Amino acid sequence: MCGIIGIVGKQPVTERLMDSLKRLEYRGYDSAGVATIVDGKIERRRAQGKIRALEDRLLNQPLSGTIGIGHTRWATHGAPSERNAHPHTCGRVTLVHNGIIENFAELKGELTAQGHSFESDTDTEVIAHLIDRQLSLGDSPVTALKNTLDQITGAFALAVLIAGEDNMIMGARRGSPLVVGYGVGEMFIGSDALAVGPFTNRIAYLDEGDFVVIDHDRAQIFDASGSAVDRPIKIVSAAAALVEKGNYRHFMEKEIHEQPESCQRTLGAYTDALTSRTLPTPGLDFASVDRIQIVACGTASYAAQIARYLFERLAGLPTDVEIASEFRYRDPALLTTTLAVAVSQSGETADTLAALRWCKAAGLRTAALVNSHESTMAREADFLWPTHAGPEIGVASTKAFTAQITALTALAVTAAVQRGRIDASQEAKLVKILLEAPRLIAASLKTEEAVRALAIDTAKARDVLYLGRGPMYPLALEGALKLKEISYIHAEGYAAGELKHGPIALVDEATPVIIIAPHDSFFEKTASNMSEVIARGGRVILFTDEEGGAHAPAGVRVVIAPSSDPLITPLVMSAPIQMLAYYVAVQKGADVDQPRNLAKSVTVE
Ligand code: M6R
């Protein structure tokens, strides 16, 4: 969840540490801090709150030094205060940490009994004490790190400075990602490619359990047993270095508008526009799969729920979708003919990763549908299904969601072909429909003004209900999640058919009921639900297509998105739903890209 950067540089590093922290701020923004080595001594600056608070601190108390580490925090242990902000120090050791040290209480007790005193409430500080204790026992820095890693349990990534070691940063990863960046006479470590993107495009991804020592010229990487290992250096795309808001007010707004392109790019990986065929996954034949088990969290799970309709309807392939945090702890009974699929933007979500590993250990074949193509899930799954949304910075997922739906829809068509449910001409017809999605998403973005107008009233609501049927039901859940997370308005998504089974009791003139209902086979039933709401004095906002608008009951406020084949309607309807949440949040003056209490990548349980 937190962001880490480390630089062994030729020039002063503080400005670059800060630049990197701004790119990592999406990972957490409870506090931030930097530390450098100046004349053999470590100096640090920390501030509660966002990076700009740390910038203010540095204006008054600048920090020199050509080697340093930085951190932006999403609090787990200890309140989001300056006292608990990273870097944490003990003796010669100063470090930053992402993750959770599970046995920290026990270790802290042991250290306290030995006379150590702590200045924070964090689990992290224990690591600094342990390394320092090893140093005072005579260990070299690398041995001290290794011996400390052997004592701690949990998921973490670390960057460590040692006072007096002016040409060295140590790093380690277990459970949380860490990359090494190779510059010219300078070296970097960071939480992801975005962290080091502006400084180098040559990156090595550490493997699970690795630890590393970087100096000006090289990285020495060791595996968990302490043996020296090589990890391949990859050239990452310039996109990692080019994450700017452009002319948009917020990343979320920009990312909503990027969806035609991100859908197009993702389609390119799964379909061949020339032949109108889908592109099978090498080594995977859906005819050999009896069931799909998808695990995911949050928005990714709603994309998966939309895909379930397609895998079952088009390919006749039984598909289950389960929230990863539940799946991993209920000892699910699985058959090895089931294909396990993790859907995740980051590819690092702790629960989804654990569920994926659980399936792998149970002997299932596994696939990772991820937007971060070098993430842990991407590297551990048997099959990598990339989405090509590009870096998503807004905490509220938008373009990654539609890229997930895009890829899963194409995969459902592939599954239908391979399982003999459709022939080549039917496949071609479906692929042509899919290829229309980018254009229709672009057209649906034209609802922006209508949506913005609706947002003014919606922003006054205390509660909002979202309803949908069929694939529009998971989209209703996603609409409610989006509104909750960025505008802090309480919102619930329901299957429209459930209205009479409870939620209708909530209907009054103050509670907008947002119904997503294109004019499809479910429309008439959902229209009855609209009438039921109106009859009880409720306010209905209908997101539909032209035909649906023409058949909407009187008294309904309507947003008309382009008509589309049901195969791609979830893609077309997504943008207006996302824009409503966005404009409500803007209307309320909320912090759209960095909503309170949230972080982009949930790498702790
Ligand atoms: O990186 P992931 O796709 O695994 O993340 C899963 C959820 O944490 C994520 O979708 C979250 O629900 C978003 N904030 C929703 O906008």
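Values in this document were obtained by computation on a predicted structure and should not be read as measured data.

Conventions adopted
- Residues numbered from 1 in each chain as written.
- Predicted model: local features only at pLDDT ≥ 70, side-chain atom pairs only at ≥ 80, totals over all residues.
- Heavy atoms only, no water.
- Helix = DSSP H or I, 4+ residues; strand = E, 2+ residues; numbered from the N terminus.
- Rg over C-alpha atoms; globule rule 2.2 N^0.38 Å.
- Contact = heavy atoms within 4.5 Å.
- Near = heavy atom within 4 Å.
- Polar contact = N/O pair within 3.5 Å; in protein donor to acceptor, adjacent residues only side chain to side chain.
- Areas by Shrake-Rupley, 256 points an atom, 1.4 Å probe, with all protein chains shown as cover.
- Pairing = 2+ DSSP bridges.
- Axes fitted to C-alpha atoms, helices over the stretch in contact; angles between N-to-C directions.
- Domains from an automatic or database assignment.
- Buried area = accessible area lost by both parts, 1.4 Å probe.
- Salt bridge = Lys/Arg side-chain N within 4 Å of Asp/Glu carboxyl O.
- Core = buried A, V, L, I, M, F, W, Y, C linked by side-chain atoms within 4.5 Å.
- Buried < 20%, exposed > 50% of the residue type's maximum accessible area, 1.4 Å probe, protein only.
- Parallel < 35°, antiparallel > 145°, perpendicular 65-115°, else oblique.
- Nonpolar A, V, L, I, M, F, W, Y, C, P; charged D, E, K, R; others polar.
- Expected span 1.5 Å × (residues − 1).
- Phe/Tyr/Trp six-rings, centres within 6.5 Å; stacked < 30°, edge-to-face > 60°.
- Right-handed = clockwise from strand over helix to strand, strands pointing away.

> Honestly, the overall build of the protein chain in this entry has me stumped. Any pointers?
Counting secondary structure elements, the protein chain contains 20 helices and 27 strands. In terms of overall dimensions, the protein chain is globule-like: its C-alpha atoms have a radius of gyration of 25 Å, near the 25 Å expected for 605 residues. Dimensions along the principal axes, computed over C-alpha positions, put the protein chain at roughly 80 × 50 × 45 Å. Here the contacts in the protein chain between residues at least 6 apart in sequence split such that 72% fall between residues at least 24 apart.

> What should I look at first to understand the site of the ligand in this one?
Near the ligand, the surroundings consist of 15 residues, among which Ser344, Gln345, Ser346, Thr349 and Glu485 are the closest. Between the ligand and the protein, one listed contact pairs an oxygen atom with a side-chain N or O atom of Ser344 at 2.6 Å. Between the ligand and Glu485, the relevant distance is 2.3 Å, taken from an oxygen atom to a side-chain nitrogen or oxygen of the residue. For the ligand, the accessible surface in isolation is 410 Å², of which the surrounding protein chains cover 91%.

> When you look at the sheet that holds strand S24 (residues 490–495) in this model, what are you seeing that I'm missing?
What links the strands of a sheet is backbone hydrogen bonding, and the strands pair in either a parallel or an antiparallel sense. Read from one edge to the other, the open sheet built from five strands follows the order S24-S23-S25-S26-S27, with strand pairing classed as parallel. Two strands bound the open sheet, and with one partner strand each, they are S24 and strand S27 (557–560). Here the strands of the sheet are splayed against their neighbours by 20° on average, with no regard to which way each runs. Here strand S23 (residues 463–468) runs beside strand S25 (residues 512–516); their pairing, made up of four bridges, is parallel. Residue pairing across strands places Leu465 opposite Val513, the latter belonging to S25. Lying on the sheet, helix H17 (residues 472–487) is in contact with S23, S24 and S25; it crosses S24 at an angle near 175°.

> It is not clear to me how the domain arrangement of the protein chain should be interpreted in this structure. Could you clarify?
Interface size is commonly expressed as the accessible surface area that is lost when the partners come together. Looking at the protein chain, the domain boundaries give domain 1 (3–245), domain 2 (254–435) and domain 3 (444–588). Each of domain 2 and domain 3 has a C-alpha centre, and these two points are 26 Å apart. Buried surface at the junction of domain 2 and domain 3, both sides included, amounts to about 2,000 Å², of which 74% is carbon and sulfur. Counting across the domain 2 and domain 3 interface gives zero salt bridges.

> How do you make sense of the nonpolar core when you look at a structure like this?
As a rule of thumb, soluble globular proteins bury nonpolar side chains together. Counting 88 residues, the largest nonpolar core has Phe286, Phe311, Val343, Trp385, Tyr466, Phe543 and Leu580 as the members making the most contacts within it. Here this core gathers at least three residues from each of two domains, domain 2 (254–435) and domain 3 (444–588). If we skip the residues at most four places from it in the chain, Val343 touches Ile294, Val295, Ala296, Ala300, Ala304, Thr352, Leu369, Gln404 and Leu408. With 28 residues, the next largest nonpolar core counts Val93, Ala128, Leu145 and Phe156 among its residues.

> Just checking my understanding: could you explain the packing of helix H13 (residues 399–418) against helix H14 (residues 424–435) for this structure?
Packed helix pairs are characterised by how far apart their axes lie and by the angle those axes make with each other. At a minimum axis distance of 11 Å, the contact between H13 and H14 shows a crossing angle of 180°. Overall, the two elements H13 and H14 adopt an arrangement that is roughly antiparallel. Contact residues: H13 offers Thr409, Ala410, Val413 and Val417, while H14 offers Glu427, Leu430 and Leu434. Across the contact of H13 with H14, the residue classes tally to five nonpolar, one polar and one charged.

> Got a minute to help me understand the side chain of Asp30 in this structure?
Looking at the secondary structure, you find Asp30 in the loop between helix H1 (14–24) and strand S2 (31–38). From its side chain, Asp30 meets the backbone nitrogen of Ala75 in a polar contact 2.7 Å long. In contact with Asp30, other than residues within four places in its own chain, are Gln48, Gly49, Arg73, Trp74, Ala75 and Pro80.

> Please explain the pairing of S25 as it appears in this structure.
Put simply, side chains in a regular strand alternate between the two faces of the sheet. Summarising burial for S25: five of the five residues are buried, a large majority. Burial along S25 is two-sided: the residues Pro512, Ile514 and Ile516 and Val513 and Ile515 are all buried. Examined bridge by bridge, S25 and strand S26 (residues 539–544) share five bridges and lie parallel to one another. Considered in S26, the bridge of Val513 is made with Val540.

> Quick question: what am I supposed to make of H13 here?
The end-to-end C-alpha separation of H13 is 29 Å, in line with the 28 Å expected for 20 residues at 1.5 Å each. Taking burial as the measure, the 20 residues of H13 include 18 buried ones, the bulk of the element. Gly420, located one to two residues past H13, shows a positive phi value of around 70°.

> Help me understand the packing of aromatic side chains in this model?
Remark: the centre distance and the inter-plane angle together describe each pair of aromatic rings, the angle taken between the planes. On inspection of all chains with the given rule, the structure shows six aromatic pairs. The interplanar angle of 80° and the centroid separation of 6.2 Å between the aromatic rings of Phe327 and Trp358 together place this pair among those described as edge-to-face. In this pair, Phe327 sits in helix H10 (residues 324–327) while Trp358 sits in helix H11 (residues 350–361), placing the two residues 31 residues apart along the sequence. Looking at Trp358, the relative accessible area reads 27%, which means it is partly exposed. A ring pair is formed by Tyr582 and Tyr583, whose centres lie 4.9 Å apart and whose planes are at 75°; its orientation type is edge-to-face.

> Please clarify how the pairing of S24 should be interpreted in this entry.
By the bridge criterion, six bridges tie S23 to S24 in an arrangement that is parallel. Note on S24: the bridge partner recorded for Gly468 is Ala495. Once you follow S23 into H17 and on to S24, the crossover reads as right-handed.

> Just checking my understanding: could you explain the environment of Ile541 for this structure?
Secondary-structure assignment places Ile541 in strand S26. Excluding residues that lie within four positions of it along the chain, Ile541 makes contacts with Leu454, Thr458, Pro512, Val513, Ile514, Ile515 and Arg557.

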